[in-house]
Amino acid sequence: EEMLARAAQRIYPPGKVRFGRENFFQFPEGKQYEALFGGFIWSHILLQELDHFLGILNSLVLPGGTIALMDNHYVAGSNLPISYTDAQGNTYQSRSLADGSSFQVLKNFPSEAFLRQSLWHEPRSDHGKIRNHAGRTANAHRPSSHGVS
């Protein structure tokens, strides 16, 4: 909520930008946008749900629109260590709260090769670029009119 409040304080053209928080797996049908941005969400999606997640994103963006996803890239010594890997290959980190309680958080760190394989089945130059900037991986993806491309 705090990040949305900060972003909303900036000046945007009237009626051109809307901020909100939604559950991608229960997003209302029928709405489409020119662009979607997802910050630090990819790593919290189960590997076995990625195709479904990407299909939903594609359905929410108009053909020729842009989907931009940004997330962490694992850097030993900088990130919390991976504490558990499940049977599907999902990785988890142990996190502790100030009250001393701890819990496991889903945190997958995709490689560039995994991102390319997940985002499209064959290399195409008209899709976005995958970039690694200071431990973060960013991708701009242009959805096709035929679902996940």
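Refer to the structure above for everything that follows.
Residues numbered from 1 in each chain as written. Predicted model: local features only at pLDDT ≥ 70, side-chain atom pairs only at ≥ 80, totals over all residues. Heavy atoms only, no water.

A. Up close: the nonpolar core. Membership of the largest hydrophobic core comes to 16 residues, with the highest contact counts inside it found for Phe-24, Leu-36, Trp-42, Phe-53, Leu-54, Leu-57 and Leu-60. Broken down by element, this core gets its largest block of residues, six residues, from helix H2 (residues 50-60). Ignoring sequence-local partners within four residues, the contact set of Leu-36 consists of Phe-24, Leu-57, Leu-60, Val-61, Thr-66, Ile-67 and Ala-68. (Core = buried A, V, L, I, M, F, W, Y, C linked by side-chain atoms within 4.5 Å. Buried < 20%, exposed > 50% of the residue type's maximum accessible area, 1.4 Å probe, protein only. Helix = DSSP H or I, 4+ residues; strand = E, 2+ residues; numbered from the N terminus. Contact = heavy atoms within 4.5 Å.)

B. Representation of the packing of aromatic side chains. Counted under the stated rule, the structure contains four aromatic pairs. Ring centres of Tyr-84 and Tyr-92 lie 5.4 Å apart, and the angle between their planes is 45°; on these two criteria the pair is classed as tilted. (Phe/Tyr/Trp six-rings, centres within 6.5 Å; stacked < 30°, edge-to-face > 60°.)

C. Up close: the sheet that holds strand E3 (residues 82-85). Strand order in the open sheet formed by three strands is E3-E4-E5, with antiparallel pairing between adjacent strands. Each edge of the open sheet carries a strand with a single partner, namely E3 and strand E5 (102-106). Ignoring strand direction, the axes of neighbouring strands in this sheet form an average angle of 40°. Judged from the five bridges that link them, strand E4 (residues 91-96) and E5 form a sheet pairing that is antiparallel. Directly across from Tyr-92, in E5, lies its bridge partner Leu-106. (Pairing = 2+ DSSP bridges. Axes fitted to C-alpha atoms, helices over the stretch in contact; angles between N-to-C directions.)

D. Structural context of a nonpolar patch on the surface. A surface patch of nonpolar side chains, amounting to about 230 Å² of accessible area, comprises Tyr-12, Val-17 and Phe-19. For Tyr-12, the location among the structural elements is in the loop between helix H1 (2-8) and strand E1 (33-39). (Patch = residues over 30% accessible without salt bridge, like charges linked within 9 Å, V, L, I, M, F, W, Y side chains within 5 Å. Areas by Shrake-Rupley, 256 points an atom, 1.4 Å probe, with all protein chains shown as cover. Salt bridge = Lys/Arg side-chain N within 4 Å of Asp/Glu carboxyl O.)

E. Structural detail: helix H3 (residues 112-119). If you check which residues of H3 are buried, you get Leu-115, Ser-118 and Leu-119. The buried residues of H3 occupy an angular sector of 90° when the element is viewed end-on, so they sit on one face. For H3, exposure combined with an orientation more than 90 degrees from the buried face picks out Ala-113 and Gln-117. (Arc of directions from axis to C-beta.)

F. The pairing of E3, seen in detail. Bridge count between E3 and E4: three bridges; the pairing is antiparallel. Bridge pairing in E4 links Thr-85 to Thr-91. Two successive antiparallel strands, E3 and E4, enclose a turn made up of five residues, where Gly-89 displays a positive phi of approximately 95°.

G. Molecular detail of the pattern of salt bridges. Throughout the structure, instances matching the rule amount to two salt bridges. For Asp-71, the salt bridge goes to Lys-107, with nearest N and O atoms at 3.4 Å. Here Asp-71, found in strand E2 (residues 61-72), pairs with Lys-107, found in the loop between E5 and H3; they are 36 residues apart in sequence, far enough to count as distant. Among the residues examined, Asp-71 registers a relative accessible area of 4% and is labelled buried. Between Glu-112 and Arg-116 there is a salt bridge, with its nearest N and O atoms 3.1 Å apart. Of this pair, Glu-112 and Arg-116 both sit in helix H3, four residues apart, which is roughly one turn of the helix. The exposure class of Glu-112 is partly exposed, given its relative accessible area of 40%.

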